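What follows is the residue order along each chain.
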Amino acid sequence: KMAPAVVAAINPTGIRKMIDVGGASGSYTIAFLQANSEARATLFDLPKVIEIAKERLEAAGMTDRVTLAPGNFYSDPLPTGHDFAFLSAIIHQNSPEQNRALYNKIYQALEPDGRIVVRDHVMSPDRIQPVDGALFAVNMLVGTSGGGTYTFDEIADGLSSAGFSDIRQLQSKGMFSLVEGFKKN
């Protein structure tokens with residue numbers, strides 16, 4: 001339900017080839033392709049998840065515009081040649097070190113002038129706002145080995161360490177907050 005509004009906030013105009021990292025069932029891939037008829041996509045996720053995405057993409061009539069790439073973003077390289085990368089609801093399950101490694105992989109998967117957008121909770125500097133993000137962080141502390149929620153500065157620092165620049169927050173809406181950065185030549 002939220003995917004079209006998130007895609008509109010990102011402004012998908014001009015995207016030629018995107019990669020949806022950990023793209024799950026393909027909801028965002030479909031929303032991006034519906035919003036931009038010129039775009040093509042690579043959906044990267046675990047093999048079992050790719051099978052679910054394949055069914056959804058077939059039902060949406062989009063299989064001819066999507067490359068399904070099975071893999072594990074912790075251990076496998078990402079396919080290259082993209083001008084846009086979407087990382088949705090992933091960073092909260094990772095430690096800061098895991099996120100830095102993932103941002104590095106995404107940087108390598110992007111062409112010069114490529115763009116990344118991260119969708120997740122973006123916490124206030126004191127980590128108490130938004131409240132749902134603070135509660136979510138406790139859940140991640142209990143349910144993952146190193147996950148949590150991150151402030152804009154922490155996300156920006158991780159993206160910057162991978163080489164991204166012009167990092168800014170596009171939207172602040174709980175789990176639908178958006179941070180973008182660019183790979184400059």
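Our structure is the block above this text.
My aim in this report is to walk through the structure given alongside it, one point at a time.

What counts, and where the lines are drawn
- Residues numbered from 1 in each chain as written.
- Predicted model: local features only at pLDDT ≥ 70, side-chain atom pairs only at ≥ 80, totals over all residues.
- Heavy atoms only, no water.
- Helix = DSSP H or I, 4+ residues; strand = E, 2+ residues; numbered from the N terminus.
- Contact = heavy atoms within 4.5 Å.
- Areas by Shrake-Rupley, 256 points an atom, 1.4 Å probe, with all protein chains shown as cover.
- 1 Å grid on protein atoms, 1.4 Å probe; cavity = no way out; pocket = protein on both sides within 12 Å on 5 of 7 lines; lining within 4 Å.
- Points joined across faces, edges and corners; volume = space filled by probe spheres on them.
- Nonpolar A, V, L, I, M, F, W, Y, C, P; charged D, E, K, R; others polar.
- Salt bridge = Lys/Arg side-chain N within 4 Å of Asp/Glu carboxyl O.
- Buried < 20%, exposed > 50% of the residue type's maximum accessible area, 1.4 Å probe, protein only.
- Axes fitted to C-alpha atoms, helices over the stretch in contact; angles between N-to-C directions.
- Parallel < 35°, antiparallel > 145°, perpendicular 65-115°, else oblique.
- Left-handed = near helix turned anticlockwise from the far one by under 90°.

1. Quick look at the overall build of the chain
A count of helices and strands for the chain gives 6 helices and 9 strands. Considering only residue pairs separated by 6 or more positions, the chain has 69% of its internal contacts joining residues 24 or more positions apart. Carbon together with sulfur atoms contributes 54% to the accessible area of the chain, which is approximately 8700 Å² in total.

2. Some thoughts on the layout of surface pockets
Rolled over the atoms, a probe as big as a water molecule pinpoints where empty space is left. Taken as a whole, the largest pocket holds about 250 Å³ of empty space. Class assignment for the residues of the lining of the largest pocket results in 7 nonpolar, 9 polar and 3 charged.

3. Focus: the pattern of salt bridges
Applying the stated criterion to the full structure yields 5 salt bridges. With a closest N to O distance of 2.4 Å, Asp-157 and Arg-100 form a salt bridge. Of the two residues, Asp-157 is situated in helix α6 (residues 152-162) and Arg-100 in helix α4 (residues 96-109); the sequence distance between them amounts to 57 residues. The exposure class assigned to Asp-157 is partly exposed, which follows from its relative accessible area of 43%. According to the relative accessible area criterion, Arg-100 is partly exposed, its value standing at 31%. Connected via shared salt-bridge partners are Arg-115, Arg-168 and Glu-180.

4. Some details on the packing of α4 against α6
In contact at an axis separation of 8 Å, α4 and α6 are set at 45° when each is read in the N-to-C sense. Here α4 lies oblique to α6, going by the angle between them. For the crossing formed where α4 meets α6, the hand is right-handed. Two secondary-structure elements touch here, α4 through Arg-100, Tyr-103, Asn-104 and Tyr-107 and α6 through Ile-155, Asp-157, Gly-158, Leu-159, Ser-161 and Ala-162.

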